[in-house]
Amino acid sequence: LGASISDSRIMICTSHRSDEIPNRDEEKSPLLETIELLSKEKMYRSMELKPLEKEYMARMVGNILHKEDIPEKLCDSLYEETGGNPLFVEEILSSLIEDRILEEGLQNWDDSIDILSFSIPSTILDVLERRIANLSTAARRALRYAAVAGNEIELDLLFELCDMTEEDILDAIEELTNQGILEEITKSDRIFLIFRRKQASAFISRRLSRSRNLIINRKLGYGIEKLYADSIDEHIYSLARHFLEGHVYDKAYTYLTKCAEDSMKRLAPEKALNYYLSALSVLSEHMDAERHKEDIMKISWSAGELLMGESRWEEAMEHFQRGLYLANILKNRDYISMFQRGVADAMRNLGEYEEAEKLYNSSLEIAIELDDHKGIAEANHGLGYIHWRKGEFRDAISHYNEAISSAMKIDDAQLMAGLFIELGNTYNQRGDLDRALDYYSRSIESLKEFGNYQEIARALNNIGDIYLRRGEWKNAIESLEKCRENAEKARNRNYIAWSLFNGAEAYAKMGELEKAEKYAREGLDICREMNDRIGEHGALKALGITLTKKGEMEKALEAFREALKIADEMNIPYEKGTSLMEMAETYKMMGDAKREKEALEEALRIFKEVGAEQDMAKVEELLKALND
């Protein structure tokens, strides 16, 4: 047709995708032959349609979503995934709208949404499959290694792995970049190949057989060790993954533990926990567990501690109990004492005080026998906590002082700071608020030096509690907001919950009832999710106070009754007394003087029993006013 119209004023426009011309040497494409012929006759001109620049892509997205200002994060994510290819942009947006992840107008947009985590639309996969099908054998081989490696692979590593000539590898790379599957980037004078679309690597690796995936992962692990021998610590995460997927379990275990330790240094305890759990799984299921008793014991301790930090008491206890069992088999007295304290720590948070107290006492005996001052301090710390929760303040203070004395001998400032918080709690409940505030403040000064945000959050929460008791609502809220900031830095949802429901009480007393109820319910949800029964009690009490202020008396009483039930189950008499005192206010608002008096008299009995002098005086005043 082209030859027949050469003298006519006619232009024929055609289009084709770059992947519609096969690159395999053994195939000859009719389309390619036609283009070559027309080019020789100077009857053909090629115009490459390039991807959209980010600015124009944003306008396209705005037209599709009917919104002028598109959030920068959404634009960046789309551009990163599509490279500005209009078809891919349209297909991804259509898929996200269809799945109700995005709405037209973006009314439901939240910057926390990660659009790259969702599946690739089938139309994009079809294009990718067609491009892969047209690749040469060498290009497909190189692509497999790149896909299993992840979203990027260094050129030198690809040379190390591919059993091909240098020229063949370079031809394969050019083919993959021309097809828009990979692109070359330079970092610190080193060349890397990265996937144009992040999810493409996972899609390709999933299509490989298990056997091929296993062997490629294994070769990647050994290749990385060889190539980066002088900087191995920079590659431990890749090595752990490749050796695990390659079933080289001894090396997988080594690098998983290194990843856990590195994650702890980077203040990423959740990641560290996952690596420790993976290492435990490798030891228990794929290696000779009998020969690795000591390794399993030590990792059980690390995993248990991290689970305690996430308030996952029952899971932590399982790891500590396994560690205790192994420590007894190995007759390792140091670890027997440690694991006894670990199990006791978990039990006390589950309200199992009697069993916890026995374990703390046993641990203390061994620690004294071994002259282990840290163990002595921690065991006394645990015993002090149990006596404090039971309202036995004198015994609690005695154990805390013993613990501080031992901590001073080993110059453990962090341990002492934690003990100052515990002493502050005890004096707080006794009613000596100035002394409690002094201990909390001293602990924060010390903890700031170590960047221990979790314990700082605990101290700030307790300072907020003191301001609540004093009726200084604004000061309480300020302290509790700081508590939440530090808890978020520590990624500790437990103290986030406590800052919320304690804040709810302050807002309720200030008359900001909608905010108070919101905070109380959010705190309650977190406590229930984390099985924090003592926190659940506090949240229910705050909800009861708020609902009373809102005039919803029956709902308030229901919240208080649930709180009292938890206080009895957990054997926390002081907390029960505070709930009864607040419940009495609800009965007062209802005009039920009889039940108000009963609640106050029961609270007074409890406060006298535990020695909470300030609360005793407050209840006595309320009873006097009621009788008058």
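To keep things clear, this report deals only with the structure shown in the data block. (Residues numbered from 1 in each chain as written. Predicted model: local features only at pLDDT ≥ 70, side-chain atom pairs only at ≥ 80, totals over all residues. Heavy atoms only, no water.)

We now examine the nonpolar core. The tendency in soluble globular proteins is for nonpolar side chains to be buried side by side. The biggest cluster of nonpolar side chains holds 177 residues, and the ones touching the most others in it are I153, I181 and F195. Among the elements that take part in this core, helix α24 (residues 493-510) stands out by supplying 10 residues, more than any other. Discounting residues that sit within four places of it in the chain, I181 has contacts with L128, R131, I132, L135, L143, L176, I194, F195 and R196. Ranked by size, the runner-up nonpolar core spans 16 residues in total, among them M60, L65, V89 and L106. (Core = buried A, V, L, I, M, F, W, Y, C linked by side-chain atoms within 4.5 Å. Buried < 20%, exposed > 50% of the residue type's maximum accessible area, 1.4 Å probe, protein only. Helix = DSSP H or I, 4+ residues; strand = E, 2+ residues; numbered from the N terminus. Contact = heavy atoms within 4.5 Å.)

This part is about the pairing of strand β3 (residues 190-195). As paired elements, strand β1 (residues 152-154) and β3 share 3 bridges and run antiparallel to each other. By the bridge assignment for β3, I153 is matched with L193. Bridge analysis of strand β2 (residues 182-187) against β3 gives 6 bridges, and the strand direction is antiparallel. Residue pairing across strands places I185 opposite F192, the latter belonging to β3. Hairpin connection between β2 and β3: a loop of 2 residues separates the two successive antiparallel strands, and S188 in this loop has a positive phi of roughly 50°. (Pairing = 2+ DSSP bridges.)

Before going further, it helps to examine unusual backbone geometry. In the Ramachandran plot, D411 falls in the positive-phi region, its phi being about 55° despite a non-glycine side chain. Here D411 is to be found in the loop between α19 (393-409) and α20 (413-430). On the basis of relative accessible area, D411 is assigned to the exposed category, the value being 64%. If you check the backbone angles, N571 has positive phi at about 55° while not being a glycine.

A word on the sheet that holds β1. Strands sit in the order β1-β3-β2 across an open sheet of 3 strands; the sheet is antiparallel. Either end of the sheet is taken by a strand with one partner, and the two such strands are β1 and β2. Taking each pair of neighbouring strands and ignoring which way they run, the sheet shows an average axis angle of 30°. Sheet strands touched by helix α8 (residues 166-178): β2 and β3. Its angle to β2, the strand with the most contacts, is close to 110°. (Axes fitted to C-alpha atoms, helices over the stretch in contact; angles between N-to-C directions.)

Looking now at α8. Look at α8: 18 Å from first C-alpha to last across 13 residues, which is about the 18 Å you get at 1.5 Å a residue. Within α8 the residues assigned to the buried category are I169, A172, I173, E175 and L176. Seen from one end, α8 has its buried residues packed into an arc of 160°, which puts them on one side. Away from the buried face of α8 by more than 90 degrees, exposed residues E166, E167 and N178 are located. (Expected span 1.5 Å × (residues − 1). Arc of directions from axis to C-beta.)

Quick look at a nonpolar patch on the surface now. Where nonpolar side chains cluster on the molecular surface, the patch consists of L1, I10 and I12 and spans about 340 Å² of accessible area. If you trace the backbone, L1 turns up in the segment before α1 (30-40). Since its relative accessible area comes to 73%, L1 is described here as exposed. (Patch = residues over 30% accessible without salt bridge, like charges linked within 9 Å, V, L, I, M, F, W, Y side chains within 5 Å. Areas by Shrake-Rupley, 256 points an atom, 1.4 Å probe, with all protein chains shown as cover. Salt bridge = Lys/Arg side-chain N within 4 Å of Asp/Glu carboxyl O.)

Now for the pattern of salt bridges. Counted by the stated rule, this structure contains 41 salt bridges. D615 serves as the salt-bridge partner of R469, at 3.2 Å between the closest nitrogen and oxygen. You can see R469 sitting in helix α22 (residues 453-470) and its partner D615 sitting in helix α30 (residues 613-627), a full 146 residues away along the chain. For D615, a relative accessible area of 5% gives the class buried. The partner of R493 in a salt bridge is E529, with the nearest N and O atoms 2.7 Å apart. Taken together, the residues R493 in helix α24 and E529 in helix α25 (residues 513-529) connect sequence positions 36 residues apart. Since its relative accessible area comes to 35%, R493 is described here as partly exposed. It is possible to trace a salt-bridge network through shared partners that takes in R528, R533, E536, E562 and E569.

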